[in-house]
Amino acid sequence: MTATHAGRAVAVTAAACAAVLATALPSSAINSYNSSPAPERTEVGALVVQYDNDDDPGTPDRVRWVCSGTMIDADTFLTAAHCTTDWPKGTTFHVSLDQDVQGALDEAAAAHPGDPDAVAAAVAVPGTAHNHPGYPGPSSDTGDISVVEVSAEATASRWDFTPATLPNAGQLDALGPQGLKDLDYTVAGYGTQEAQREPGGHTHPGGGERLQAPLSYNALNKAWLRLSMIGAQDNGGACYGDSGGPNFARIDGERLLVGTTITGDAPCYATNVTYRLDAPGARAFLAPFVDLP
Ligand SMILES: [Ca+2]
Ligand SMILES: [Ca+2]
């Protein structure tokens, strides 16, 4: 585990990948291998951020998608705390459930040149971010979880979606190692592709479109569910910009949102490290925002 799949420290929100996206190849998300578009996952969206990015502080002039996330009820968008912290003063957070968020941003930028407020309003609904108060905690449980509270009315008027279902308390523990191995896992998000080796180093092309990929079980810790992205095992995987996005498992025929993408190996070929949503830390944080199962 090295790079945060959207963070600041070892870097890598999609915003930190600006140089990559600026020269982006045809848009695509998640890893390129074993992935597919996810138009049906309408509860999965992108975190859109409007922030100061020029020499005129106090006027948030830049609008871009930076992370992924999931609607877990009518007005609560679940994402990662490293996506919603450490932004310049005056930053505002927004949620888009569009399939092609980068395309929507490009279109809005062309329609509203020099008007970032109008661009944000065209592609997303505004919200208020709430970060886990303990973030960043110890590596055993970093508290890397946040929500963006949006207007249920504004969101429902733009997108038709069914909120994701959260797991019961300790549901992954109860399955045991063999039970966890037997499950089918799927990651979804708007992130970039795995590393491409190019002159000058690795780049991560693509991103901004909702894709999904299968994963398999690797390990379970107190706060973390590790999932394999090894292509040779028919898995796909998550990469930069997929942070905060969902990892689903099908349990007893039901699709449950069991973990949010947080980090993994830097080139995005091996492991997706996800924050468990059945564990006490996540549940205590989420309790004021959703009805927990
Ligand atoms: Ca500015
Ligand atoms: Ca709520």
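Residues numbered from 1 in each chain as written. Chains lettered and ligands numbered in written order. Predicted model: local features only at pLDDT ≥ 70, side-chain atom pairs only at ≥ 80, totals over all residues. Heavy atoms only, no water.

A. Fine view of the overall build of the protein chain. Broken down by element type, the protein chain carries seven helices and 15 strands. Here the protein chain holds 293 residues, and the buried ones make up 55% of them. Residue pairs at least 24 apart in sequence account for 72% of intrachain contacts in the protein chain once pairs closer than 6 positions are excluded. If you sum the accessible surface of the protein chain, you get close to 11,500 Å²; carbon and sulfur atoms cover 53% of it. (Helix = DSSP H or I, 4+ residues; strand = E, 2+ residues; numbered from the N terminus. Buried < 20%, exposed > 50% of the residue type's maximum accessible area, 1.4 Å probe, protein only. Contact = heavy atoms within 4.5 Å. Areas by Shrake-Rupley, 256 points an atom, 1.4 Å probe, with all protein chains shown as cover.)

B. Representation of the coordination of the calcium ion (ligand 1) within the structure. Surrounding the calcium ion (ligand 1) are the protein donor atoms Asp-52 (OD), Asp-54 (OD), Asp-56 (O), Thr-59 (O), Thr-59 (OG1) and Asp-61 (OD), which sit 2.1 to 2.6 Å from the metal. Relative to the metal, the six donor atoms surrounding the calcium ion (ligand 1) lie at angles of 64 to 164°, and the coordination shape comes out irregular. Donor residues binding the calcium ion (ligand 1) come from one chain and are separated in sequence as D-x1-D-x1-D-x2-T-x1-D. Given a relative accessible area of 13%, Asp-52 falls into the buried group. For Asp-61, a relative accessible area of 25% puts it in the partly exposed group. (Donors = N, O, S within 2.8 Å, 3.2 Å for Na, K, Ca; no water. Tetrahedral: all angles 85-135°; square planar, octahedral: opposite > 155°, others 65-115°.)

C. Expanded view of the coordination of the calcium ion (ligand 2). Taken together, the protein ligands of the calcium ion (ligand 2) are Asp-73 (OD), Asp-73 (OD), Asp-75 (OD), Thr-76 (OG1) and Phe-289 (O), with distances of 2.3 to 2.8 Å. Counting gaps between the donor residues of the calcium ion (ligand 2) yields the pattern D-x1-D-T-x212-F. Of this pair, Asp-73 sits in strand β3 (residues 62-73) while Phe-289 sits in the segment after α7 (280-286); the two residues are 216 residues apart in sequence, bridging distant segments of the chain. A relative accessible area of 18% places Phe-289 in the buried class.

D. Examining the pairing of strand β15 (residues 271-276) more closely. Across the six residues of β15, five count as buried, placing the element largely inside the fold. For strand β12 (residues 224-228) and β15, the ladder comprises five bridges, and the chain directions are antiparallel. Residue pairing for β15: Leu-225 is matched across the bridge by Thr-274. Between strand β14 (residues 254-264) and β15, which pair antiparallel and follow one another directly, the connecting turn spans six residues, one of which, Cys-268, has a positive phi of 70°. (Pairing = 2+ DSSP bridges.)

E. Here's a closer look at the environment of Ala-104. By secondary structure assignment, the location of Ala-104 is in helix α3 (residues 101-111). Along the sequence, Ala-104 and Ala-120 sit 16 residues apart, while their C-alpha atoms lie 10.0 Å from each other. With residues up to four places along the chain from it excluded, the contact list for Ala-104 reads Asp-98 and Val-123.

F. Representation of the state of the cysteines within the structure. Tallied over the full model, the rule gives two disulfides. Across a sulfur-sulfur distance of 2.1 Å, Cys-239 and Cys-268 are joined as a disulfide pair. Its S-S torsion of about 75° marks the bond between Cys-239 and Cys-268 as right-handed, since a negative value means left-handed. Here Cys-239 is found in the loop between β12 and β13 (246-251), whereas its partner Cys-268 is found in the loop between β14 and β15, with 29 residues between them in sequence. Each member of the pair, Cys-239 as well as Cys-268, carries the same accessibility label: buried. Disulfide connectivity for the protein chain, with bonded cysteines indexed by sequence position, reads 1-2, 3-4. (Disulfide = S-S within 2.5 Å.)

G. Quick look at the confidence of the model for the protein chain. Per-residue pLDDT for the protein chain has a mean of 87; in total, 89% of the residues score no lower than 70. Below pLDDT 50 for its whole length, residues 6-29 participates in 62 contacts with residues either more than four positions away or in separate chains. (pLDDT = per-residue confidence, 0-100.)

H. Here's a closer look at helix α6 (residues 171-181). Of the residues making up α6, those classed as buried are Gln-171, Leu-172, Gly-176, Gly-179 and Leu-180. Packed against the buried residues of α6 are β8 (185-189), β11 (211-220), β12, β13, β14 and β15.

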